[in-house]
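So the chains spell out like this:
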Amino acid sequence: MERTPLLSMHNITKTFPGVLANDDVSFDVHSGEVHTLLGENGAGKSTLMKILFGLYQPDSGEIRLRGEIAAIDSPTSAIEHRVGMVHQHFMLVPTLTVAENVALGLPSARGFRTDLDAVSERILEISNQYGLAVDPGIEIWKLSVGERQRVEIIKALYRDAELLVLDEPTAVLTPQEVDDLFVILRQMTNDGTGIIFISHKLHEVLELSDRITVLRNGAVTGSTTPAESDRQQLAEMMVGREVKLAPDKPAVDRGPARLQLRNVSVKGDRGTVAVDDVSLDVHAGEIVGIAGVSGNGQRELAETIAGLRNAQGGSVRIDSTDLTNASPAEVRAAGFAYVPEERMKDGAVGEFEVSENLLLINHGDPQFRKGPLFDFAKIRAHSQRLVDQFSVKTPTLDTPTSTLSGGNIQKLIMARELDSSPTVILAAQPTRGVDIGAAEYIHSQLVQQRSDGVAILMVSEDLDEILGLADRIAVMFDGKIVTVIERESATREALGLAMAGG
Amino acid sequence: MSEFFTVSVIFATLSTSIRFAVPYLFAALGETVGQRSGVLNLGVDGIMLLGGFGAYYAVLETDSHILGVIAGLAVGLLMGLVYGVVTVFLHAKQGISGIGIFLFGLGFSDLLFQELVGTPLPIRPLPRLDQLPAVGGIFEPLVELPVVGPLIFDHDLLTFLAFLLVPAVTWLLRKTTFGMNVRAVGENPQAADSLGVSVARTRFISILIGSTLAGLAGATLSMQLAIFQQNLTNGIGFIAVALVYFGAWQPRWVMAGALLYGIVTATRIRWQSLDIIPQGASDVAAMAPAVITILALVLLASRVRGPAALTRPFSRH
């Protein structure tokens with residue numbers, strides 16, 4: 001006999017102007033199971049979950065909880081139906097304490113006055129039961145990312161959630177923290193909680209899920225289980241065609257050291273030491289990956305190399321040129337190309353047209369000028385060539401860049417940077433938030449540059465990307481490079497341990 | 001200079017300072033609640049003017065200070081409803097709509113004054129506590145106490161109320177569910193919304209509290225001065241908004257700022273009457289309260305960040 005599912009969503013359709021976000025989607029979750037929703041950005045996962053949480057109303061279809069039709073028209077009513085959600089961007093008030101954040105929105109036993117002592121007591125009960133250690137009296141801003149996530153889970157458990165949605169919960173965690181989280185989630189499913197897990201990290205999905213449902217372009221393309229599938233198959237279900245998860249890397253002889261970092265120390269935004277005595281060489285024809293959880297000095301190191309931040313000590317050289325605390329223009333003149341982590345903040349100007357962004361680093365070049373004016377015919381020809389060569393999907397060259405997808409903006413930035421024929425490339429988080437197809441393309445371009453003898457430094461939080469691309473792997477923790485390993489001798493476990501400072 | 005440094009003159013000056021601080025305190029405490037919920041109201045001065053005229057006219061017509069207070073509160077509430085609808089429900093930009101409220105208050109209070117009164121007729125001044133029939137007997141001996149008598153007890157009821165509001169607002173913000181909601185929607189409205197806290201309702205009520213207190217601030221001013229004229233406030237409402245920033249959104253620091261402002265103003269007036277400040281420098285001296293208060297609070301108050309969502313309208317998408 002078929003059990004009644006905890007949740008069943010039937011034939012959900014939701015359209016936004018010009019977009020079919022959910023197309024006749026059906027999805028169910030049983031008590032005690034982890035059901036993963038897998039799909040690329042814009043596949044409709046978030047829309048479906050926002051409908052479940054009462055933030056959107058579906059155009060058609062119905063939601064049943066424990067077999068009964070549930071009209072969920074607000075987050076409050078979702079919570080009343082015992083649906084809990086851990087959002088990707090934490091929904092916490094940093095200036096409030098843990099207990100206040102948990103109590104927010106709930107009636108107080110003491111009426112108009114808060115009753116935080118009782119709330120704290122209950123929080124401690126929950127945290128003991130699931131091993132979610134946290135101090136109820138501490139303000140959120142003092143907590144680490146992992147601890148904040150625990151608070152989010154406690155918030156849901158405090159509200160007696162029977163169905164918990166976790167939207168990309170592992171994106172900000174170290175591998176060890178991910179393991180801890182999975183233990184907690186398993187304990188919850190053993191107690192009968194149903195969990196919807198949203199992720200695009202395929203090995204995590206395979207590790208945690210009982211069932212997997214894949215969405216593409218708003219519609220369900222298939223359901224499977226970890227036993228019946230593998231990473232390759234899941235990726236192809238997501239993208240709808242054959243994909244190469246790891247690019248083929250031809251053997252390349254490692255040349256001389258081109259980028260040389262010696263004892264580089266840098267202060268962060270708050271005046272504390274962000275990069276602490278880092279020394280590293282990147283040779284011609286190799287990709288060095290910097291692995292680590294974000295916030296361990298990678299951003300500051302990258303900005304220092306790019307000339308955007310001053311070092312307090314040490315030196316940066318490209319070939320024979322000393323570029324310590326040089327300006328971005330001087331660094332670029334030495335053959336440096338930079339694909340920054342924050343592509344919309346540091347990599348492109350959103351309001352600028354595609355062709356303008358393609359010209360950002362060489363608008364002073366005489367070949368694009370006619371006397372004091374721009375030579376727009378040449379600029380258009382140049383832009384068109386780059387757009388074609390790097391298959392940037394844009395309606396026109398005059399389209400505002402911010403309207404392109406993340407993957408296409410990243411391809412645009414890559415086109416501009418690689419066209420400068422660099423000798424050193426620094427690519428930070430080159431495929432974060434980029435769909436699989438674009439990521440595949442960006443990876444193949446980096447590998448091509450490597451074959452051409454360029455020295456590439458790649459900063460990434462994505463271990464799959466590091467393991468797939470890098471020839472050597474440096475792990476950053478707390479501002480230091482704690483280890484440098486050749487790719488052949490690197491294992492996921494060893495890297496994870498180093499990323500956690502172990 | 002020596003005339004000033006006598007105990008009686010100094011304490012009389014301090015007593016005046018406390019009374020001067022009251023309109024600032026009411027307005028700034030109200031604005032503190034509003035800003036903690038994420039709403040900046042630059043219309044405080046305009047609401048004070050309308051509340052001030054309402055109170056003045058009520059006292060002029062009925063000779064009842066109680067009706068004067070009620071008129072001030074009612075006008076403040078009414079203006080709060082307008083500002084709340086415009087900013088919370090219509091998502092208007094707070095900076096510009098607040099200036100609109102100010103300009104409306106400035107012009108409309110003068111228009112009403114010209115049409116209904118015409119020439120500045122004085123009203124009966126606000127009685128001190130010892131002059132009140134009900135409690136006068138209790139306060140009369142207290143006022144007679146040396147030094148502290150005039151300093152602490154020789155005031156009107158609204159002065160006491162204003163200073164009692166400091167712990168009351170602190171309690172409201174820190175110890176009540178409403179106050180927790182206010183702090184949450186001022187900091188991260190998305191988070192509050194995801195837990196079923198109504199951002200709109202919390203902000204709307206906070207605006208009503210703020211503007212009602214602004215109306216009371218205006219009523220206190222016109223009743224203490226026992227007069228009304230065009231632009232009676234002369235920018236007190238704007239100073240009150242500044243006091244919230246410099247007081248780092250903490251009621252006790254806001255009170256410190258209001259008191260400092262009162263002290264500097266009272267000292268200036270006293271020094272001018274004692275000819276310590278030469279006539280020619282009186283315009284320069286008139287700037288002293290603003291300059292000194294701002295300097296002091298910049299130096300004293302820790303560099304606290306304001307509510308993260310201040311001035312940012314909230315909608316779900």
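A. Quick peek at the packing of helix α7 (residues 157-175) of chain B against helix α10 (residues 199-225) of chain B. Residues and elements named next belong to chain B. In the contact formed by α7 and α10, the axes pass within 12 Å of each other and the chain directions differ by 165 degrees. Taken as axis vectors, α7 and α10 run roughly antiparallel relative to one another. The element α7 and its partner α10 pack so that their crossing is left-handed. Along its contact with α7, which presents L158, T159, L161, L165 and L172, the element α10 presents I209, L213, L216, T220, M223 and Q224. Class assignment for the residues of the contact of α7 with α10 results in eight nonpolar, three polar and no charged.

B. Region of the structure containing the domain arrangement of chain A. Residues and elements named next belong to chain A. Each domain of chain A was delimited in the assignment, giving domain 1 (7-239) and domain 2 (257-335 + 422-499). Using only C-alpha atoms to locate each centre, domain 1 and domain 2 end up separated by 34 Å. Tallying the contact residues gives 12 residues for domain 1 and 13 residues for domain 2. Interface area for domain 1 against domain 2, summed over the two sides, is near 930 Å², with a carbon-plus-sulfur share of 56%. Viewed at the interface, domain 2 and domain 1 are joined by zero salt bridges. Across the domain 1-domain 2 interface, the total number found is three residue pairs in polar contact (both at pLDDT 80 or more). Class assignment for the residues of the side of domain 1 that touches domain 2 results in six nonpolar, four polar and two charged.

C. Highlighting empty space enclosed by the protein. Tallied over the entire structure, the rule returns two cavities of 30 Å³ or more. Computed from the structure, the largest cavity encloses a volume of approximately 110 Å³. What lines the largest cavity is a set of 13 residues, and nearest its centre among them are A:F53, A:G84, A:M85, A:K155 and B:L195. Elements represented by at least two residues in the lining of the largest cavity include exactly β6 (83-86) and α5 (145-158) of chain A. Of the residues that constitute the lining of the largest cavity, the class distribution is seven nonpolar, three polar and three charged.

D. Seen up close, the sheet that holds strand β16 (residues 336-339) of chain A. Residues and elements named next belong to chain A. Taken together, six strands build an open sheet; the order of strands is β16-β19-β20-β13-β21-β22 and the sheet is mixed. Only two strands of the sheet have a single partner each, and these edge strands are β16 and β22 (480-486). In this sheet, adjacent strand axes meet at a mean angle of 15 degrees when their direction is disregarded. Examined bridge by bridge, strand β19 (residues 424-428) and strand β20 (residues 455-460) share five bridges and lie parallel to one another. When the sheet's bridge partners are listed, A428 is paired in β20 with V459. Packing against the sheet, helix α14 (residues 406-418) makes contact with β16 and β19, and its axis sits at approximately 175 degrees to β16.

E. The nonpolar core, seen in detail. Judged by nonpolar contacts, the single largest core of 61 residues is most densely connected at B:F26, B:M48, B:Y56, B:L158 and B:M223. Of all hydrophobic cores here, the second largest spans 60 residues; its members include A:M91, A:L96, A:L164 and B:V185.

F. Expanded view of the pattern of salt bridges. Residues and elements named next belong to chain A. Following the criterion strictly, the structure yields 36 salt bridges over all chains and no others. Measuring nitrogen to oxygen at the nearest pair gives 2.6 Å for the salt bridge that ties R66 to E162. In this pair, R66 is assigned in the loop between β4 (60-65) and β5 (68-69) and E162 in the loop between α5 and β7 (163-167), connecting sequence segments 96 residues apart. Classification of R66 as partly exposed rests on a relative accessible area of 37%. Residue E162 is classed as partly exposed on the basis of its relative accessible area of 23%. Where D269 meets R299, a salt bridge forms, and the shortest distance between an N and an O atom there is 3.2 Å. Remark: R299 occurs in helix α9 (residues 298-305) and D269 occurs in the loop between β11 (257-267) and β12 (273-283); sequence separation between them is 30 residues. Residue R299 is classed as partly exposed on the basis of its relative accessible area of 29%. Residues participating in the shared-partner salt-bridge network are D269, R299, E300, E303 and R309.

G. Representation of the side chain of B:Q94. Along the chain, the position of B:Q94 falls in helix α4 (residues 94-116). The class for B:Q94 is buried, based on a relative accessible area of 4%.

H. The arrangement of the packing of helix α1 (residues 7-36) of chain B against helix α12 (residues 251-273) of chain B in detail. Residue and element names in this part refer to chain B. Where α1 contacts α12, the two axes come as close as 6 Å, and the packing angle between them is 140 degrees. One finds that α1 runs oblique with respect to α12. As α1 runs across α12, the sense of the crossing is right-handed. Partitioning the contact of α1 with α12 into residue classes produces 19 nonpolar, seven polar and one charged.

The rules behind the values
- Residues numbered from 1 in each chain as written.
- Chains lettered and ligands numbered in written order.
- Predicted model: local features only at pLDDT ≥ 70, side-chain atom pairs only at ≥ 80, totals over all residues.
- Heavy atoms only, no water.
- Axes fitted to C-alpha atoms, helices over the stretch in contact; angles between N-to-C directions.
- Helix = DSSP H or I, 4+ residues; strand = E, 2+ residues; numbered from the N terminus.
- Parallel < 35°, antiparallel > 145°, perpendicular 65-115°, else oblique.
- Left-handed = near helix turned anticlockwise from the far one by under 90°.
- Contact = heavy atoms within 4.5 Å.
- Nonpolar A, V, L, I, M, F, W, Y, C, P; charged D, E, K, R; others polar.
- Domains from an automatic or database assignment.
- Buried area = accessible area lost by both parts, 1.4 Å probe.
- Salt bridge = Lys/Arg side-chain N within 4 Å of Asp/Glu carboxyl O.
- Polar contact = N/O pair within 3.5 Å; in protein donor to acceptor, adjacent residues only side chain to side chain.
- 1 Å grid on protein atoms, 1.4 Å probe; cavity = no way out; pocket = protein on both sides within 12 Å on 5 of 7 lines; lining within 4 Å.
- Points joined across faces, edges and corners; volume = space filled by probe spheres on them.
- Pairing = 2+ DSSP bridges.
- Core = buried A, V, L, I, M, F, W, Y, C linked by side-chain atoms within 4.5 Å.
- Buried < 20%, exposed > 50% of the residue type's maximum accessible area, 1.4 Å probe, protein only.

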